[in-house]
Amino acid sequence: MDWTNWTPRIIANLCFIVKDGRVLLIRKKRGLGAGKINGPGGKLDPGETAHDSAVREVQEELRVTPLNLEDRGVLRFQFVDGLSLHVTVFLARGCEGEPVETDEAAPLWFDFDKVPYGEMWEDDQHWLPNVLAGASFDGWFVFDGDRMLSKRVELR
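This report concerns the structure included in the present document. (Residues numbered from 1 in each chain as written. Predicted model: local features only at pLDDT ≥ 70, side-chain atom pairs only at ≥ 80, totals over all residues. Heavy atoms only, no water.)

**Looking at the overall build of the protein**
Then, in step 1: What the protein contains, in helices and strands, is 2 helices and 11 strands.
Then, in step 2: When the helices and strands of the protein are placed in sequence order, the string is β-β-β-β-α-β-β-β-β-β-α-β-β.
Then, in step 3: What you see for the protein is a C-alpha radius of gyration of 15 Å, in line with the 15 Å of a compact globule of 156 residues.
Then, in step 4: Taking the principal axes of its C-alpha atoms as reference, the protein extends roughly 45 × 35 × 30 Å.
Then, in step 5: Residues counted as buried form 49% of the 156 residues belonging to the protein.
Then, in step 6: Within the protein, contacts between residues at least 6 apart in sequence are counted, and of these 65% link residues at least 24 apart.
Then, in step 7: Just so you have it, the protein exposes about 7,700 Å², and 46% of that area is on carbon and sulfur atoms.
Then, in step 8: Of the side-chain charges in the protein, 19 are positive and 26 negative, and the distance between the mean point of each set is 2 Å. (Helix = DSSP H or I, 4+ residues; strand = E, 2+ residues; numbered from the N terminus. Rg over C-alpha atoms; globule rule 2.2 N^0.38 Å. Buried < 20%, exposed > 50% of the residue type's maximum accessible area, 1.4 Å probe, protein only. Contact = heavy atoms within 4.5 Å. Areas by Shrake-Rupley, 256 points an atom, 1.4 Å probe, with all protein chains shown as cover. Lys, Arg positive; Asp, Glu negative; His and termini not counted. Charge placed at Lys NZ, Arg CZ, Asp CG, Glu CD.)

**Re the pairing of strand β7 (residues 84-93)**
Then, in step 1: Taken across its 10 residues, β7 has 8 buried, putting it largely inside the fold.
Then, in step 2: Two elements, strand β1 (residues 10-19) and β7, share 9 bridges in a ladder whose sense is parallel. The partner of valine 18 across the bridge, within β7, is arginine 93.
Then, in step 3: Bridge analysis of strand β6 (residues 70-79) against β7 gives 8 bridges, and the strand direction is antiparallel. Across the sheet, leucine 75 pairs through a bridge with valine 87, a residue of β7.
Then, in step 4: Following β6, the chain reverses through 4 residues before pairing antiparallel with β7; glycine 82 in that reversal takes a positive phi of roughly 105°. (Pairing = 2+ DSSP bridges.)

**Section: the pattern of salt bridges**
Then, in step 1: All told, the structure shown has 15 salt bridges when counted by the stated rule.
Then, in step 2: Across the pair arginine 56 and glutamate 60 runs a salt bridge whose closest N-O atoms are separated by 3.1 Å. Taken together, the positions of arginine 56 and glutamate 60, both in helix α1 (residues 50-62) and 4 residues apart, correspond to about one turn of that helix.
Then, in step 3: What makes arginine 56 buried here is its relative accessible area of 16%. (Salt bridge = Lys/Arg side-chain N within 4 Å of Asp/Glu carboxyl O.)

**Details of unusual backbone geometry**
Then, in step 1: A positive phi is found at aspartate 20, a non-glycine position, where the angle reads about 55°.
Then, in step 2: Position of aspartate 20 relative to the elements: it lies in the loop between β1 and β2 (22-28).
Then, in step 3: Among the residues examined, aspartate 20 registers a relative accessible area of 73% and is labelled exposed.

**Some details on the nonpolar core**
Then, in step 1: Core analysis: the largest hydrophobic core is formed by 27 residues, its most contacted members being Phe16, Leu75 and Trp127.
Then, in step 2: The element contributing the most residues to this core is β1, with 5 residues.
Then, in step 3: Once you skip the residues sitting within four places of it in the chain, leucine 75 turns out to touch Leu14, Leu85, His86, Val87, Val89, Asp123, Trp127, Phe137, Gly139 and Phe141.
Then, in step 4: The next biggest cluster of nonpolar side chains, apart from the first, holds 14 residues, and it includes Ile17, Ala54, Leu69 and Cys95. (Core = buried A, V, L, I, M, F, W, Y, C linked by side-chain atoms within 4.5 Å.)

Okay, here's the thing in structure tokens:
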């Protein structure tokens, strides 16, 4: 995959809320990755920043407001069917409110060492542990459906 002139079709974000050695994840109910465990997030609305979109998406999906967001990385996904995404990854230090299940997502808290990577997108195991440990990164991934064909992760 030549990433030099790559242009994403979709600009999105993910937000991982951490508190007391645990991370708040979701079981996604619809859309890309339905049924998988992931962080809350979604597409940017026109004129919206990645930060503002991350806050809005977490509020919509879990009815909580993430606090003290830190930009931790960028994911670039190219799917063989043509779908391409640029995803900004945020880490939040806590949240206001208690997460609740919505039509979009069911909240799940996990200890850092018990994150269920086997139920997540295949790329997550290659960068999320570093983010939870305090690192920042850049990642490039090619997928065919749910199957990862190639990966590159660089820590910053």
